[in-house]
Amino acid sequence: EISGAVAELRYAVVDGGTVCYIRLEGGDAYYTISAADAPEAVILNPGDEVEIVLSGTGADGLLIPAASLTVTGRAPLDGAAPEQEPLPSQSPGAAE
């Protein structure tokens, strides 16, 4: 088992299913898990805290298979929605 903050996320379709590749801060390895096994993996953001249970089989250098993933904390999202410019018809003093 390993835990930490998500540093980087990558995704690939392998044999028709989405595989999530998760690198934790301070590490070089990517932990791999199928989106079918951990649906919350596809909505992770950098900075989110996770706990990963390793599968114990198939580790190949920088790719380490995970058996399960639990989100233990969410990083704050960067700011609110961007402010939009009003349309000319919505601007104060616009001619009607």
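Quick caveat: nothing in here was measured; it's all calculated off a predicted structure.

**Student:** Help me understand the overall build of the protein chain in this model?
**Tutor:** Counting its secondary structure elements, the protein chain contains zero helices and five strands. Reading the helices (α) and strands (β) of the protein chain from amino to carboxyl end gives β-β-β-β-β. Summarising the internal contacts of the protein chain: among those between residues at least 6 apart in sequence, 42% fall at separations of at least 24. Of the accessible surface of the protein chain, which amounts to about 6500 Å², a share of 52% is contributed by carbon and sulfur atoms.

**Student:** Sorry, what's going on with the sheet that holds strand β4 (residues 49-54) here?
**Tutor:** For sheets, the rule is that strands pair by backbone hydrogen bonds, running either parallel or antiparallel. With respect to topology, five strands assemble into a closed barrel ordered β1-β2-β3-β5-β4, the strand pairing being mixed. The average undirected angle you get between the axes of adjacent strands in this sheet is 50°. Direction of pairing for strand β1 (residues 2-14) relative to β4: antiparallel, over a ladder of four bridges. Paired with Gly4 across the two strands is Val50, which belongs to β4.

**Student:** Is there a simple way to explain the nonpolar core in this structure?
**Tutor:** Considering soluble globular proteins, one finds that nonpolar side chains tend to be buried as a cluster. If you look at the biggest cluster of nonpolar residues, it comprises 17 residues, and the most contacted ones within it are Val6, Ile22, Leu24, Ile33, Leu44, Ile52 and Leu69. Of all elements in the fold, only β1, β2 (17-24), β3 (30-34), β4 and β5 (63-73) reach the threshold of two or more residues within this core. Once residues lying within four places of it in the same chain are set aside, the contact partners of Ile33 are Thr18, Val19, Cys20, Ile22, Ala38, Ala41, Ala66, Ala67, Ser68 and Leu69.

**Student:** In this structure, what is going on with the pairing of β1? I would like to understand it.
**Tutor:** For a regular strand, side chains alternate in direction, first toward one face of the sheet and then toward the other. For β1 and β2, the ladder comprises eight bridges, and the chain directions are antiparallel. In the strand pairing of β2, Leu9 is matched with Ile22. Between β1 and β2, which pair antiparallel and follow one another directly, the connecting turn spans two residues, one of which, Asp15, has a positive phi of 50°.

**Student:** What exactly am I supposed to notice about the confidence of the model for the protein chain here?
**Tutor:** It should be kept in mind that the predicted coordinates are not to be read in detail where pLDDT is low. Looking at the protein chain as a whole, the pLDDT averages 86, with 81% of positions reaching at least 70. The spread of mean pLDDT over the elements of the protein chain runs between β5, the lowest at 95, and β2, the highest at 97.

**Student:** Mind showing me how you'd approach the environment of Val71 here?
**Tutor:** Tracing the backbone through its elements, the reader meets Val71 in strand β5. In this structure Val71 comes out as partly exposed when scored by relative accessible area, which is 25%. When the C-alpha atoms of Val71 and Gly4 are compared, they prove to be 10.0 Å apart, with 67 residues separating the residues in sequence. When sequence neighbours within four positions are dropped, the list of residues in contact with Val71 reads Glu40, Leu44, Glu49 and Val50.

The rules behind the values
- Residues numbered from 1 in each chain as written.
- Predicted model: local features only at pLDDT ≥ 70, side-chain atom pairs only at ≥ 80, totals over all residues.
- Heavy atoms only, no water.
- Helix = DSSP H or I, 4+ residues; strand = E, 2+ residues; numbered from the N terminus.
- Contact = heavy atoms within 4.5 Å.
- Areas by Shrake-Rupley, 256 points an atom, 1.4 Å probe, with all protein chains shown as cover.
- Pairing = 2+ DSSP bridges.
- Axes fitted to C-alpha atoms, helices over the stretch in contact; angles between N-to-C directions.
- Core = buried A, V, L, I, M, F, W, Y, C linked by side-chain atoms within 4.5 Å.
- Buried < 20%, exposed > 50% of the residue type's maximum accessible area, 1.4 Å probe, protein only.
- pLDDT = per-residue confidence, 0-100.

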